[in-house]
Each structure stands twice: as C-alpha cells, then as structure tokens.
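# Notes for the structure review
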Amino acid sequence: MPTHVHSPYGYIPTESVTIIFIALFSISSVVHVGQSIVSRMWWLLPTVGLCGILEIIGWSARLWSSMNPRAESPFEMQITATILAPTPFVAANFVILGKIIRRLGPSYSRLSPRLYTIIFCTCDIISLIVQAVGGGMASVAVGHNRDPTPGGNIMLGGIVFQMITITIYAACAVEFFVRYLKDRPVNRTGGGEDEKAVSPHKAIDARLKLMCFALMFSTTCLFIRSVYRTIELSDGWTGRIIQTQVYFNVLDGAMITLAMFTLNFAHPGWLIGQRNVDSDKRASTPGSNATMMFHWTLLVRSIQTRAHKNFAVAHITIKFEQAAQTCA
C-alpha cells in the first residue's frame, strides 16, 4: 500500500510489525495470567495483566489502521490504549520493590514497604486518570476533525507526572540498595522481624538477586518509554517524532514488550512469592532437619555438661568424706 495515502498517523502502520507485537503481547499476557493463578499473586492481574490487554487492543487498532489508513476509530483506540497500557505495569514494579524491601530489611529504606505501595500506586492512579481524560479528549477531537492539542497536553501532563514519579521511585530504590550493600540502615533500631538490619551477603540469595536485576531492567524500559512519549507529545501532533513509525515501534512497543517478558522469565511468584518465603523460613523453624539436629546437639552437650558437673561434685564430696574419716 502506498505510503502517501492520507492517514492520521502521518504514516501507515506496517501490518507485519503490528501482527508481531499482537502475538508477543498475547503470549506474554496469557503466560502472566497463568503464572498469577499458579502463584496466587492476584495483584499481578490488574497490573501486568491489564497492561497486556491494553497493548493488545492498541496494536490491534494499529493493525486495523494498516488495512484502512483513513479510518479515525482505530487511530482513536490506539491513542488511548497505548498511552494507558504501561501505567498499571508501573504499579506492579512499585509493589515488587516493596516486597524486596520487606525481604532485605525495611531499616535500609526511608519509607516502609506499605508506604511505598500506597504513595507510588496513588501517584500511578492519578497519572492513569489524567492520561485517560487527555486521551479521551484527543480521541473525540480527532473524531470530530478538531484540534487534538488540548487533550494531548493533558496526556502530556499525565505522562510527565508519571515520569517524575518513576524518577523519585528509582532514586528511593537506588538509595535503598546502596544502603543495603554498604550495611548503612536509615534507622538501626527497628521493631519486629521486618525491621531487622541484616547482613547483605547472608540475606540475599540468587533468586532475590535475579528479581532485583529484573526490576531494574523493567523500570529502565518503562522510563525510556515515558521519556519518548513526553518528547513525542511535546513535539506536537504533526511533529516529526510522532509521525515516525520506527520511533514508536522501538521506544514504545519494544520497551513494553521487554518489560513484560522480563517479568515472565523473572516472575515474582517464583522469586519472591510466599512459597519461596516459607521455604526460606523453614531453615529457621524447629521443624527443619538442620535445626532439629542443632537443638539435639545442644541438648546432648547440656546433658554431658551436667553429667560432668555432677561427677565432679560427687568426686569432691567423696574426697571430703575420706579426709574427714582420716582426721577422725
């Protein structure tokens, strides 16, 4: 199909590219749903799962546009869907960081794991609402052949707010990991099991380390996408960036694809799920073989010590009796 045909995109979406992204997002989403059910991490469904569904809708709309470039409806659908899709995924990263902090020691963090979830997820919801309002306004404007700039500016505000939130979240995460690795808690006097300052070399295992790297990588992908969408909308609806397809494919579609598949391969249910926590705790509970052996060893040593003491007391008593008889 000739590329000079009028299209609201400024180009005609490549059919093969849209099909590839639909397939990738569909595979990742189905796997995420299955992993969430098996691991019983239900919070991943309205976060990562919702992100996948919105991406499928957005790229399906772009596939529709590749077949009917002049149609306004698919263009409006993809505007809203692809803008909103990563927002719930960002919320999943916020929750994962809170769980990592809980495992490694909240004393190294300026905020408690619960506050991380509440504060950053609230900011994410605000960003989602602002982007949804802006996306809706822009879509309606395009459908009525009006200027979509006002709606685009609102979307831009939501994306900028999201980017600022991710930046602050990343800064807090970096500070936490630096303090943890250097064993410099914010407050050494913690309360409860979660507040204990632990040695980083003993507390972190291979699975938790993999989860940390996966979180860093997916957050980087989301941040790159936010920067791109900020520059794209700042450049205007008729700017060179928004009308260059390869930028969108690489800096939006590919970044979200990488982030989703990263959590497929480094799934929180496998790396920091409750079953993993329970298995780690068994080593410190009386029911484990190693701990039972340790307690038996202490018991035997205690009995032996008491036996030696009793023998020594009896020996001294006999000596005193013999000395008394000799004196008599």
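Above this note sits the structure.
Residues numbered from 1 in each chain as written. Predicted model: local features only at pLDDT ≥ 70, side-chain atom pairs only at ≥ 80, totals over all residues. Heavy atoms only, no water.

### Regarding the overall build of the protein
Scanning the protein from terminus to terminus reveals 12 helices and zero strands. Along its sequence from the N terminus, the protein presents helices and strands in the succession α-α-α-α-α-α-α-α-α-α-α-α. Of the contacts made within the protein by residues no fewer than 6 positions apart, 80% connect residues no fewer than 24 positions apart. Roughly 17200 Å² of accessible area belongs to the protein as shown, and the carbon and sulfur atoms make up 67% of that amount. (Helix = DSSP H or I, 4+ residues; strand = E, 2+ residues; numbered from the N terminus. Contact = heavy atoms within 4.5 Å. Areas by Shrake-Rupley, 256 points an atom, 1.4 Å probe, with all protein chains shown as cover.)

### Examining the nonpolar core
Ranked by size, the top nonpolar core spans 65 residues in total, and within it Phe89, Leu97, Ile100, Phe177, Met211 and Trp237 carry the most contacts. When residues of this core are traced back to their parent elements, those giving at least two are helix H1 (15-39), helix H2 (45-67), helix H3 (73-84), helix H4 (86-104), helix H5 (113-143), helix H6 (149-182), helix H8 (206-234) and helix H9 (245-265). Here the element with the most residues in this core is H4; it accounts for 11 residues. Excluding anything up to four places from it in sequence, Leu97 contacts Tyr116, Tyr169, Ala173, Phe177 and Leu215. (Core = buried A, V, L, I, M, F, W, Y, C linked by side-chain atoms within 4.5 Å. Buried < 20%, exposed > 50% of the residue type's maximum accessible area, 1.4 Å probe, protein only.)

### So, a nonpolar patch on the surface
Residues Leu50, Ile53, Ile57, Trp64 and Met77 make up a contiguous nonpolar surface patch of about 420 Å² in total accessible area. At four residues, H2 tops the list of elements feeding residues into the nonpolar patch. Tracing the backbone through its elements, the reader meets Ile53 in helix H2. (Patch = residues over 30% accessible without salt bridge, like charges linked within 9 Å, V, L, I, M, F, W, Y side chains within 5 Å. Salt bridge = Lys/Arg side-chain N within 4 Å of Asp/Glu carboxyl O.)

### Concerning the side chain of Ser127
Turning to its location among the elements, Ser127 is positioned in helix H5. A distance of 3.0 Å separates a polar side-chain atom of Ser127 from the backbone oxygen of Gly158. Sequence-distant contacts of Ser127, that is, excluding residues within four places in its chain, are made with Gly158, Phe161 and Gln162. (Polar contact = N/O pair within 3.5 Å; in protein donor to acceptor, adjacent residues only side chain to side chain.)

### Remarks on the pattern of salt bridges
In this structure the tally under the stated criterion is six salt bridges. Linking Arg110 and Glu175 is a salt bridge whose minimum nitrogen-to-oxygen distance equals 2.6 Å. Highlighted residues: Arg110 in the loop between H4 and H5 and Glu175 in helix H6, separated in sequence by 65 residues. Judged by relative accessible area, Arg110 falls into the exposed class, the value being 53%. A residue is classified by how much of its surface remains accessible, and Glu175, at 23% relative accessible area, is partly exposed. With its nearest N and O atoms 2.7 Å apart, the salt bridge here joins Arg229 to Glu232. Of this pair, Arg229 and Glu232 both sit in helix H8, separated by three residues, roughly a single helical turn. For Arg229, a relative accessible area of 5% puts it in the buried group. Residue class for Glu232 comes out buried when judged on its relative accessible area of 3%.

### Some remarks on unusual backbone geometry
A positive phi is found at Arg40, a non-glycine position, where the angle reads about 60°. Structurally, Arg40 is set in the loop between H1 and H2. You can call Arg40 exposed: its relative accessible area is 61%. One non-glycine residue, Asp183, lies in positive phi territory at about 55°. Looking at the secondary structure, you find Asp183 in the loop between H6 and helix H7 (200-203). The class for Asp183 is partly exposed, based on a relative accessible area of 31%.

### Considering the packing of H1 against H2
Contact geometry for H1 and H2: axes closest at 9 Å, N-to-C directions at 160°. In this view, H1 runs roughly antiparallel relative to H2, as classed from their interaxial angle. The interaxial crossing formed by H1 with H2 has left-handed handedness. On the side of H1, the interface is formed by Glu15, Val17, Thr18, Ile19, Phe21, Ile22, Phe25, Ser26, Ser29, His32, Val33 and Ser36, while H2 contributes Leu45, Val48, Gly52, Ile53, Glu55, Ile56, Trp59, Ser60, Arg62, Leu63, Ser66 and Met67. The class makeup of the residues in the contact of H1 with H2 is 13 nonpolar, eight polar and three charged. (Axes fitted to C-alpha atoms, helices over the stretch in contact; angles between N-to-C directions. Parallel < 35°, antiparallel > 145°, perpendicular 65-115°, else oblique. Left-handed = near helix turned anticlockwise from the far one by under 90°. Nonpolar A, V, L, I, M, F, W, Y, C, P; charged D, E, K, R; others polar.)

### Some points on the environment of Pro150
Locating Pro150 in the fold gives a position in helix H6. For Pro150, a relative accessible area of 44% translates into the label partly exposed. Distance from Pro150 to Ala138, taken between C-alpha atoms, is 7.2 Å for residues 12 residues apart in sequence.

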